[in-house]
Amino acid sequence: MGLACFEARRAGTAIAQLTDVSGLQQCEGDGRSTVFSDRTGMVKAARMLLSSVTKVLVLADCIVIKQIISSRNKVLVTLEQLERVSTFQEFVQIFSQFGNEMVEFAHLTGDRQNDLKDEKKRARMAAARAVLEKCTMMLLTASKTCLRHPDCESARINKEAVFQRMRLALEQVIEIVTDTRSGGEAKALPVSIYAGIKDFKVKVEGLRDSLFCVSCEAVAAQLEALVEKTEDFTDSAYTRHEQRETIIQLCQITRQETKQLINTWRHAQQFLKAKEATDEMELSILKTCQSVSDLRRELHRVAVGRATELLKLHSDHLVLQALKASGGDGNLEAVADYAGTLTEHKEQLVETCRLLCHISGTKPLEITCIHAEETFRVIGPQIISAAQTLALHPTSKIAKENLDVFCEAWESQLCDMAILLKEINDVFEGRRGDKKTYLSLPRPGKHLKTVKAAKLDAEEQTSIAKLGLEVCLLTSDVDSEVERWDEQDHEMVRLCQIISSMAYSMYLFTRGEGLLKTTLDLFHQAEVLSDQGLQLCHILHSLSTQLLDEDRILILSETEKLSAACQQLQVCAKTPVQGKSAIFQKVDSSIQNTKGILTVVVYLLPICNKLIRKCKSERSCLASPQHCRETQQSTAVSEETLNGFGVKSLEQHMANLTFLESK
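These numbers were taken from a predicted model, which means no experiment stands behind them.

Focus on the overall build of the chain
Counting its regular elements, the chain contains 21 helices and zero strands. When burial is assessed residue by residue, the chain has 46% of its 663 residues classed as buried. The long-range share in the chain, meaning contacts at least 24 apart out of those at least 6 apart in sequence, stands at 78%. When the accessible surface of the chain is totalled, it reaches about 34100 Å², and 54% of it is carbon and sulfur.

Following this line, the structure appears as structure tokens:
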């Protein structure tokens, strides 16, 4: 590296000497000055500079890779020592060393992940680092449990599964940074239905330019491969009968349209001797593309609907609570019963992740789906073995703590799946993970020149990741509540969509993604978001004037909270700060205030929707008192149901976040 830097410096010095303007001589002819006369020397120096700088970059990359490999090797050695320890004292000493080595490895791989240009590699690196992060806590409790109960077979199985998963994740990191696989050739991802349909449409639409760009047999074979992949949907025991029938029918329609296209295509090739598509061919191309698009849309609807239903079903975590209770009571029979239920839930989630992978839309999301599928497949049996250990030793605090950690990992993966589902929907609707509207980036010259724009480094992104995740989940809640409104063109709906869009872009900023690149962008976005929130307050005030005392007091009370949160965010965004720590604190405060605004908005949306419906129904039933009373009674019932659902789900959601925070 020293030699390469010396060569680069020497080449730069040579160019500096050749372009030195202090010794310029005036030409006698036209009065112009010659910057340099040794063209050969300039070309040679430029080539040397390019060569040496390239060598510096290549060497720097090799050094980083060697650092990661060296760090991984140290972690592996300590991991083997941890696996063989037999006393608590020895375990504590080695685990302390292991923790320091994992922190170093996390920093190195985090920097490498940010430097990767390939989206697939970046997604695989993120998945592997997530496994290592979660498994570190599991390794601690599983090892402690095994040391406390050395003769317990379920504790040993639980511990071995954690160590095995960590080794696989470490190996995956090395495969990514070295671009090789220990088993030889790189493992190719299975082709998803989305990717297959996209490629199929490209080939079909390519017939417009040339009838001989691809063979008829290749198109027919590709379609049959696509139809075969849809069997993952139709053969599933969890797919409803009408959904299965619709998919089969759409596959048949696509086959018919493709067959008609091939017949027209062959006729044009053999009899018309045409090189480009005829009008009849054009019609067949359009029908074929439309039929395969309809198939994709139905598969997306089935997969997303299945995932949404499962997330709602598992939001209360009743099976996990039952396993904890049964294990604490020492009831092995009950643990076995609930283990069977959890295994069934695991199979449902694994299969749903496989279906989501088919319709995810991008390679990074496919990789995330595969990671989620693998996580559910592995953690399910680990929860069961941890519960069996607790049932065998019901008074063991360590066994109880171990089961809690694995249950939290399951709950955390369900939260990750909800985010994944939102991102898949964004891709399907054309947003590709970024909100496509209402994003207000600062204009040049809008900010003071004395304020310096900055980006969050990897450490700051890590520390603020949980807060950003909470904001992301709240934006999902806002979007879900907005979709329940009958009046999608209502001003309140429009403002809430704007606020949700801006908050989501702020969440992407915490991950180093999206269109907000610097802290200045973030603060400007926060300022605009607070303005939108204050506009929402005005609408809420107007609504309150149409309500009775009890409802009006509730709306005015929540409006005051929203107004205070918006003003606090506005003051925070406009307050100038200096220094790295102060800027990060301002970022943290801005996102905290945004979270507060979203919390109030999520609470208000269903209430306002109900009250607006109630006002309309009362106005429409003035002529019929009996009908009016019936409507009010039904409204009261729906109010109880809606409020019960909203408050309960919010409390559960906050409880989940508290679990993550305590961890």
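Back to the text.
Description of the pattern of salt bridges
Enumeration according to the criterion identifies 34 salt bridges in this entry. A salt bridge links Lys203 to Asp199; the shortest N-O distance between them is 3.7 Å. Of this pair, Lys203 and Asp199 both sit in helix H6 (residues 193-206), separated by four residues, roughly a single helical turn. In this structure Lys203 comes out as partly exposed when scored by relative accessible area, which is 28%. Note that Glu347 and Lys346 form a salt bridge whose closest N and O atoms lie 3.1 Å from each other. A relative accessible area of 37% means that Glu347 is categorised as partly exposed. Bridged by salt links that share partners, the residues Arg354, Glu373, Glu374 and Arg377 form one connected network.

Describing the packing of aromatic side chains
Counting across every chain of the model gives four aromatic pairs. Ring geometry for Tyr504 and Tyr507: centres 5.5 Å apart, planes at 50°, overall tilted. Here Tyr504 pairs with Tyr507, and both are found in helix H17 (residues 491-510), just three residues apart, close to one helical turn. The two residues Tyr504 and Tyr507 agree in class, both being buried.

Comments concerning the side chain of His358
Looking at the element boundaries, His358 is found in helix H12 (residues 332-359). The residues touching His358, leaving out its near neighbours within four places in the chain, are Ser192, Ile193, Tyr194, Lys229, Asp232 and Phe233.

Some details on the confidence of the model for the chain
Residues at a pLDDT of 70 or more form 83% of the chain, whose mean pLDDT is 81. Here residues 433-452 scores under 50 on pLDDT; set against residues more than four positions off or in separate chains, the count is 39 contacts. Between residues 622-663, whose pLDDT stays under 50, and residues either more than four places distant or in other chains, the model counts 30 contacts.

Observations concerning the packing of H6 against helix H10 (residues 279-313)
Where H6 meets H10, the closest approach of the two axes is 10 Å, and the angle between their N-to-C directions is 170°. The pairing of H6 with H10 is recorded here as roughly antiparallel in orientation. Mapping the contact onto sequence places Ile193, Tyr194, Ile197, Phe200, Lys201, Val204 and Glu205 in H6 and Ile285, Thr288, Cys289, Val292, Ser293, Arg296 and Leu299 in H10. Of the residues in the contact of H6 with H10, the class split is nine nonpolar, two polar and three charged.

Examining the environment of Ala387
Among the structural elements, Ala387 can be located in helix H13 (residues 363-392). Considered as a pair, Ala387 and Phe406 are 19 residues apart in the sequence and their alpha carbons are 9.7 Å apart. Apart from the residues lying within four places of it in its own chain, the contact partners of Ala387 are Leu323, Gly327, Val335 and Leu403.

Concerning the packing of H10 against helix H14 (residues 397-428)
Contact pair H10 / H14: the axes reach a minimum separation of 11 Å and the direction vectors enclose 155°. One way to sum up the angle between H10 and H14 is to call them roughly antiparallel. Between H10 and H14 lies a crossing of left-handed hand. Taking contact as the criterion, the partners of Arg296, Arg297, His300, Val304, Ala307, Thr308 and Leu311 in H10 are, on H14, Leu414, Met417, Ala418, Leu421, Ile424, Asn425 and Phe428. Its residues placed into classes, the contact of H10 with H14 shows nine nonpolar, three polar and two charged.

Section: the side chain of Glu351
Structurally, Glu351 can be placed in helix H12. Its relative accessible area of 16% is what places Glu351 among the buried residues. When residues no more than four places from it in sequence are discounted, the contact partners of Glu351 are Ser236, Tyr238 and Arg306.

Points about the environment of Val191
You can see Val191 is positioned in the loop between helix H5 (153-178) and H6. For Val191, a relative accessible area of 45% translates into the label partly exposed. Each C-alpha atom of the pair Val191 and Leu226 lies 9.6 Å from the other, and the pair is 35 residues apart in sequence. Once residues lying within four places of it in the same chain are set aside, the contact partners of Val191 are Gly196 and Lys229.

Overview of helix H4 (residues 119-148)
Its 30 residues give H4 an end-to-end C-alpha distance of 44 Å, which sits within 8% of 44 Å, the value for a rise of 1.5 Å per residue. Of all the bends in H4, the largest measures some 30° and sits at Cys135. A side-chain oxygen of the first residue of H4 lies 2.8 Å from the backbone nitrogen of Lys120; this N-cap is Asp118.

Observations regarding helix H18 (residues 519-544)
Here H18 is 26 residues long and its end C-alpha atoms lie 37 Å apart, about the 38 Å a rise of 1.5 Å per residue gives. A large share of H18 lies buried, amounting to 19 of its 26 residues.

Quick word on the nonpolar core
The biggest cluster of nonpolar side chains holds 99 residues, and the ones touching the most others in it are Phe98, Leu139, Phe233, Leu356, Ile383 and Trp410. Top contributing element to this core by residue count: H14, with 13 residues. Formed jointly, this core draws a minimum of three residues from each of two domains, domain 1 (1-18 + 39-84 + 94-112) and domain 2 (193-303). In contact with Trp410, other than residues within four places in its own chain, are Leu320, Leu342, Lys346, Leu349, Phe376, Ile379, Gly380 and Ile383. Listed in part, the 58 residues of the second largest apolar core include Met502, Tyr507, Ala526 and Leu529.

Some details on unusual backbone geometry
Phi is positive for His317, close to 55°, though the residue is something other than glycine. With respect to the helices, strands and loops of the structure, His317 is situated in the loop between H10 and helix H11 (318-329).

Parameters and conventions
Residues numbered from 1 in each chain as written. Predicted model: local features only at pLDDT ≥ 70, side-chain atom pairs only at ≥ 80, totals over all residues. Heavy atoms only, no water. Helix = DSSP H or I, 4+ residues; strand = E, 2+ residues; numbered from the N terminus. Buried < 20%, exposed > 50% of the residue type's maximum accessible area, 1.4 Å probe, protein only. Contact = heavy atoms within 4.5 Å. Areas by Shrake-Rupley, 256 points an atom, 1.4 Å probe, with all protein chains shown as cover. Salt bridge = Lys/Arg side-chain N within 4 Å of Asp/Glu carboxyl O. Phe/Tyr/Trp six-rings, centres within 6.5 Å; stacked < 30°, edge-to-face > 60°. pLDDT = per-residue confidence, 0-100. Axes fitted to C-alpha atoms, helices over the stretch in contact; angles between N-to-C directions. Parallel < 35°, antiparallel > 145°, perpendicular 65-115°, else oblique. Nonpolar A, V, L, I, M, F, W, Y, C, P; charged D, E, K, R; others polar. Left-handed = near helix turned anticlockwise from the far one by under 90°. Expected span 1.5 Å × (residues − 1). Bend = angle between axes of the 7 residues up to and from the residue. Polar contact = N/O pair within 3.5 Å; in protein donor to acceptor, adjacent residues only side chain to side chain. Core = buried A, V, L, I, M, F, W, Y, C linked by side-chain atoms within 4.5 Å. Domains from an automatic or database assignment.

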